[in-house]
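Working through the structure, step by step
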Amino acid sequence: MRKPFLYLAERALLVLISVVVLFPIAWMFLTAFKQPRDAYSLSLNFEPTLQNFVTVFSDPWNLGSMVLNSVVVATVTVVIAVPCAALAAYSFSRFRVKGRKFLFFLILSTQFIPAVVIVLPFFLMFRQLDLLDTRIALIIVNLAIVTPFVIWMIKGFIDAIPTDSEEAAMIDGASRLRVIKDIVMPMAAPGILTSSIFCFILTWNEFLFALILSRRDAVTLPVGLVSFRTERGDLWELMSAAGVMITVPIFIMALFIQKHFTRGMTAGAVK
Amino acid sequence: MAEVRLVDIEKKYGSFLAVPKQSLTIHDGEFLVLLGPSGCGKTTTMRMIAGLEDITSGDIMIREERINDKPPKDRDIAMVFQNYGLYPHMTVRQNIEYPLKLRGIAKAARTKRVQETADKVELGALLDRRPSELSGGQRQRVALARAIVRTPSIFLMDEPLSNLDAKLRVTMRAELKHLHHELGVTTVYVTHDQMEAMTLATRVAVMREGRIVQLDTPKKIYAEPADLFVAGFIGSPSMNLIDGKVSDGVFRADGVNVPVDLPNRDGVVLGIRPEELEITDDATAPIGGQLYALELTGESTLVTLRNGPVSACARGHADFEAEINSPCYLTPKPGARFHLFDRASGERLDGVKH
Ligand SMILES: Nc1ncnc2c1ncn2[C@@H]1O[C@H](COP(=O)(O)OP(=O)(O)O)[C@@H](O)[C@H]1O
Ligand SMILES: [Mg+2]
């Protein structure tokens, strides 16, 4: 039996941490349903309204087009990044090419460069290509940001798959590509799904590049939030409503990941 | 069916020489067993035949065609892996069907073939299970079924029975032997278990440190081991190997006096199999000492005697009984054979050439 004191202390600590983490989120959800005059009050006694959601989706805020931008940018990024990353991850995991480790390190090292440092060259490049304020520019930048991360993540999953089944498939008559399609991808599927969702979340929340590279047409949700800081002051109730719009899809995905992640872990390979 | 020839093949992992340059011909339809202790290069040799491992130098020929650069899928081989290499995300049916699917065989023909093969290895009732829902023996059968479903020219099996319990191993051994008899496909089989090798093989290649030290029929390998290593490796219990010297035409060690046809020399090892010795009361018998241990195996009793550093074991009658430490004498049965080896090089001294 464990000591009751330790047990209590542990619980208390967990509750404390939960409160610190959850308070801002709860505050955002509550504020989204408040009238402007209640925004700063801590009282739970207010008259809930859906007016904020109506407001953010109409002129001049037009959250709808930002939602669309975010959805398009994040989805296209995932659809391009994950298959490419999966193939790259497979190669890094299985082919014993000279310089493989260095190359892998090189790809990962792009992640260590602070984004602020490279945002200007990107801006200049896209201006030259006349791609400023387009979704294409955002997709390209996001691909550059997430692909190394996704390669690294999927490689971890593929490393964990024993090569026996692959070799068996090659002897059974499969080409390398066929092996990847029939054997490796199904076995790595839970990992690839998890990576896809991470990739989506990263892109969905990307702020800095979207802020610099978009102006009107390609503005995404996180950037859109900033526009609620006006000369009239911060419109917290509107910002919260928009915040809810950003958070809910991610929240649903997180639940989904959790389910799949545990399933992926327990499925296991056959000895 | 096909003949396989390994011509001057060599395998290095970086600077480590796993398989030194050597040649080997596997005859059409034979069951060739690569036998040797763990780490001696058996798997490496097999994987080179399969095309899963590059060959550092040399050629591999199947049906007189050089296949060094052909990918595994074009070599018309089937392989059973030590850990089975099943497809965990597929059902047993899909596992067995996969090689046929890759070869573009029509659905109806596939279904029929899978059913026939599954019945042959008694998996018929388990076709819709996943590998994770099977026992070790059942998984092993799936691996086997997947290999035989399309009648390749060559079977490669890498210790396929080593993950099974002792009883199942014996059953599966007989099944493998029967299957080979039925299909007649050239088979290369890797094992470290000399009993498996002896029972299954048409010919056995005994390997040591990457090198084939003897290649012959099980009978020949048992009767005339090429060197000390093979002598000690084959047989259970293993051959008695006694250190001594030859003087005046007699091999001498503590309590041991065996006439031999050799000039005087030191560093000689005398070998004789326990099953070729019998227990006697005759104090002039070639091997004498004190009874050290009696082990009843069921059909016989293993009698071990000691005399100083000399230890010798004989397979005696199951009813044999005697006091431990009492004097004990062993004499060769009629037709028994003494083997003589050089201690330093391990080479055979009594003129049997291989
Ligand atoms: N991929 C590899 N890289 C380096 N050394 C290896 C590799 N595979 C096998 N070896 C070495 O080659 C030798 C033979 O291995 P293997 O053929 O697997 O032996 P066996 O199957 O007879 O037990 C061993 O010493 C092993 O350590
Ligand atoms: Mg091996």
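Just so it is clear, the structure is predicted and the values come from calculations on it, not from any experiment.

Quick notes on the rules
The residue count restarts for each chain, going from 1 along the sequence in the order it is written. As they are written, the chains are lettered A onward and the ligands numbered 1 onward, keeping that order. Residues qualify for local features only when their pLDDT is at least 70, as the model is predicted, and side-chain atom pairs are given and counted only at 80 or more; totals for whole chains, interfaces and linings, by contrast, use all residues. Side-chain numbers here rest on the full set of heavy atoms in the structure, without hydrogens or water. Working definition: helices are DSSP H or I runs of at least four residues, strands are E runs of at least two. Numbering for both runs from the N terminus. A contact between two residues is defined here by any heavy atoms of the two lying within 4.5 Å. For the purpose of charge, His is not counted, nor are the chain termini; Lys and Arg are scored as positive and Asp and Glu as negative. Positions of charges follow a simple convention, taking NZ of Lys, CZ of Arg, CG of Asp or CD of Glu. Only a single heavy atom is needed: when it lies within 4 Å of a molecule or strand, its residue is near that molecule or strand. Polar contact is the term for a pair of N or O atoms within 3.5 Å; when the atoms are in protein, one must be able to donate a hydrogen and the other to accept it, and sequence-neighboring residues count only if both atoms are side-chain atoms. The method behind every accessible area is Shrake-Rupley, applied with a 1.4 Å probe, and residues are considered shielded solely by the protein chains displayed. Gly counts as polar in this scheme, as do all residues outside two lists: the nonpolar Ala, Val, Leu, Ile, Met, Phe, Trp, Tyr, Cys and Pro, and the charged Asp, Glu, Lys and Arg. Only buried residues count toward a nonpolar core. Its members are Ala, Val, Leu, Ile, Met, Phe, Trp, Tyr and Cys residues joined through side-chain atoms within 4.5 Å. Only protein chains enter the calculation, and the probe is 1.4 Å; a residue is then buried if its accessible area is under 20% of its type maximum, exposed if over 50%, and partly exposed in between. Where each domain begins and ends is defined by an automated method or by a domain database. Here the buried area means the combined drop in accessible surface, using a 1.4 Å probe, for two parts upon being joined, counting both sides. Salt bridges are defined as contacts in which a side-chain nitrogen from Lys or Arg sits within 4 Å of a carboxyl oxygen from Asp or Glu. Two strands qualify as a pair provided that DSSP identifies no fewer than 2 bridges between them. A score from 0 to 100, pLDDT tells how confident the predictor is in each residue. The span expected for a helix works out to 1.5 Å for each residue beyond the first. Bend, in this description, refers to the angle at a residue between axes fitted to the seven residues ending there and the seven starting there. Fitted lines through C-alpha atoms serve as axes, helices being fitted only where they are in contact, and the angles separating the N-to-C directions of these axes extend from 0 to 180 degrees. We call two directions roughly parallel when the angle between them is under 35 degrees, roughly antiparallel when it is over 145, roughly perpendicular when it lies between 65 and 115, and oblique otherwise. For any pair of crossing helices, the crossing counts as left-handed if the nearer helix is rotated counterclockwise from the farther one by less than a right angle, and right-handed if it is rotated clockwise. Working definition: a ring pair exists when centres of Phe, Tyr or Trp rings (six-membered ring for Trp) sit within 6.5 Å. Plane angles under 30 degrees give stacked, over 60 give edge-to-face, the rest tilted. A ring is scored as having a charge over it whenever the NZ atom of a lysine or the CZ atom of an arginine sits within 6 Å of its centre and within 35 degrees of its normal.

1. Some words on the overall build of chain A
- Assigned secondary structure in chain A consists of eleven helices and two strands.
- From first element to last, N terminus to C terminus, chain A shows the α and β order α-α-α-α-α-α-α-α-α-α-β-β-α.
- When the backbone C-alpha atoms are referred to their principal axes, chain A occupies close to 70 × 70 × 30 Å.
- Taking the intrachain contacts of chain A between residues at least 6 apart in sequence as the baseline, contacts between residues at least 24 apart amount to 72%.
- For chain A, the separation between the mean place of its 23 positive charges and that of its 17 negative charges on side chains is 9 Å.

2. So, the site of ligand 1
All names here are of chain B.
- In the vicinity of ligand 1, the contacting residues are Tyr13, Phe16, Ala18, Ser38, Gly39, Cys40, Gly41, Lys42, Thr43 and Thr44.
- One nitrogen or oxygen atom from the side chain of Tyr13 is found 3.3 Å from a nitrogen atom belonging to ligand 1.
- Contact with the protein chains removes 59% of the 560 Å² of surface that ligand 1 exposes when unbound.
- Counting only elements with at least two residues in the shell around ligand 1, the list comes to strand S2 (16-26) and helix H1 (42-50).
- Sort the elements by how many residues they give to the shell around ligand 1 and H1 lands first, with three residues.
- Classifying every residue of the shell around ligand 1 gives four nonpolar, five polar and one charged.

3. Focus on the nonpolar core
- Counting residues in hydrophobic clusters, the biggest one holds 102 residues, and the most contacted among them are Ile154 of chain A together with Leu156 of chain B.
- Dropping the residues within four chain positions of it, Leu156 of chain B is found in contact with Met46, Ile49, Ala50, Ile77, Ala78, Met79, Val80 and Val188 of chain B.

4. Some thoughts on the domain arrangement of chain B
All names here are of chain B.
- For chain B, the domain assignment lists domain 1 (4-229) and domain 2 (237-349).
- Once you take the C-alpha centre of each, domain 1 and domain 2 turn out to be 38 Å apart.
- In this complex, domain 1 contributes eight residues to the contact, which on the side of domain 2 involves 13 residues.
- Broken down residue by residue, the surface that domain 1 buries against domain 2 is led by Tyr222, Pro225 and Leu228, which jointly contribute 71%.
- Here Glu224 ties to Arg337 by a salt bridge, and the two come within 3.4 Å at their closest N and O atoms.

5. Digging into the environment of Leu305 of chain B
Residues and elements named next belong to chain B.
- Turning to its location among the elements, Leu305 is positioned in strand S17 (residues 301-307).
- Distance from Leu305 to Phe341, taken between C-alpha atoms, is 22 Å for residues 36 residues apart in sequence.
- When neighbours within four sequence positions are excluded, Leu305 is seen to be in contact with Ile287, Gly288, Gly289, Gln290, Leu291, Tyr292, Val310, Ser311, Ala312, Cys328 and Leu330.

6. Comments concerning the pairing of strand S19 (residues 327-332) of chain B
Residue and element names in this part refer to chain B.
- With four bridges joining them, strand S15 (residues 277-280) and S19 adopt antiparallel strand pairing. When the sheet's bridge partners are listed, Leu277 is paired in S19 with Pro332.
- Bridge analysis of strand S16 (residues 287-296) against S19 gives four bridges, and the strand direction is antiparallel. Bridge pairing links Gly288 to Tyr329 in S19.

7. Brief notes about the confidence of the model for chain A
All names here are of chain A.
- Per-chain confidence: chain A averages 89 in pLDDT, with 95% of residues scoring 70 or above.
- Per-element confidence in chain A is highest for helix H3 (residues 63-94), whose mean pLDDT is 95, and lowest for helix H11 (residues 236-267), whose mean pLDDT is 79.
- Note that pLDDT drops below 50 for residues 267-271; the model gives that stretch eight contacts with residues more than four away or on any other chain.

8. Brief notes about the interface of chain B and chain A
- Between chain B and chain A, the contact holds 26 residues from the first and 18 residues from the second.
- In total, chain B and chain A occlude about 2,000 Å² of area from one another, counting both sides; carbon and sulfur atoms represent 63% of this.
- Applying the counting criterion to the chain B and chain A interface returns two salt bridges.
- A salt bridge links Asp172 of chain A to Arg146 of chain B, with the shortest nitrogen-to-oxygen separation between them at 3.5 Å.
- The interface formed by chain B and chain A holds nine residue pairs in polar contact (both at pLDDT 80 or more) in total.
- Put simply, the parts of the chain that give the side of chain B that touches chain A at least two residues each are H1, strand S6 (77-80), helix H2 (92-102) and helix H4 (136-148) of chain B.

9. Focus on helix H8 (residues 176-205) of chain A
- With 30 residues, H8 of chain A ought to run about 44 Å at 1.5 Å a step, yet its terminal C-alpha atoms sit only 36 Å apart, falling short of that.
- Residue Ala189 of chain A marks the point of greatest curvature in H8 of chain A, where the axis turns by about 65°; the proline Pro190 of chain A follows within four residues.

10. Focus on the packing of H3 of chain A against helix H6 (residues 135-159) of chain A
Residues and elements named next belong to chain A.
- Where H3 meets H6, the closest approach of the two axes is 6 Å, and the angle between their N-to-C directions is 40°. As judged from the angle between their axes, H3 and H6 are oblique. Of the two possible hands of crossing, H3 and H6 adopt the one that is right-handed.
- The residue inventory of the contact of H3 with H6, partitioned by class, reads 21 nonpolar, five polar and four charged.

11. Details of the pattern of salt bridges
- Tallying each qualifying case throughout the model produces 29 salt bridges over all chains.
- Connected through salt bridges with shared partners, the residues Glu167 of chain A together with Arg47 and Glu53 of chain B form a single ionic network.

12. Regarding the packing of H4 of chain B against helix H5 (residues 166-183) of chain B
Residue and element names in this part refer to chain B.
- The geometry of H4 relative to H5 is characterised by a closest axis approach of 12 Å and an angle of 10° between their N-to-C directions. Judged by the angle between their axes, H4 and H5 are roughly parallel. On the side of H4, the interface is formed by Gly137, Gln140, Arg141, Leu144 and Ile148, while H5 contributes Leu168, Met172, Glu175, Leu176, Leu179 and Leu183.
- The class makeup of the residues in the contact of H4 with H5 is seven nonpolar, two polar and two charged.

13. Considerations on the packing of aromatic side chains
- Here the structure, examined in full by the defined rule, presents twelve aromatic pairs over all chains.
- Ring centres 5.1 Å apart and planes at 75° place the aromatic pair Tyr87 of chain B and Tyr98 of chain B in the edge-to-face group. Here Tyr87 of chain B is found in the loop between S6 and H2, whereas its partner Tyr98 of chain B is found in helix H2, with eleven residues between them in sequence. Here Tyr87 of chain B and Tyr98 of chain B have matching classes, each one buried.
- In this structure, Lys34 of chain A packs its charged tip against the face of Phe46 of chain A, placed 5.2 Å from the ring centre.
- One Lys or Arg, Arg306 of chain B, reaches over the ring of Tyr292 of chain B and ends 4.0 Å from the middle of that ring.

14. Describing the sheet that holds strand S9 (residues 203-208) of chain B
Residue and element names in this part refer to chain B.
- Strand order in the open sheet formed by six strands is S6-S7-S8-S3-S9-S10, with mixed pairing between adjacent strands. On the outer flanks of this sheet lie S6 and strand S10 (211-216), each paired with one strand and no other. Neighbour to neighbour, the strand axes of the sheet diverge by 15° on average, direction disregarded.
- Inspection of the sheet shows strand S7 (residues 154-158) paired to strand S8 (residues 186-191) by five bridges, in the parallel sense. From the neighbouring strand, Phe155 faces S8, where its bridge partner is Thr187.

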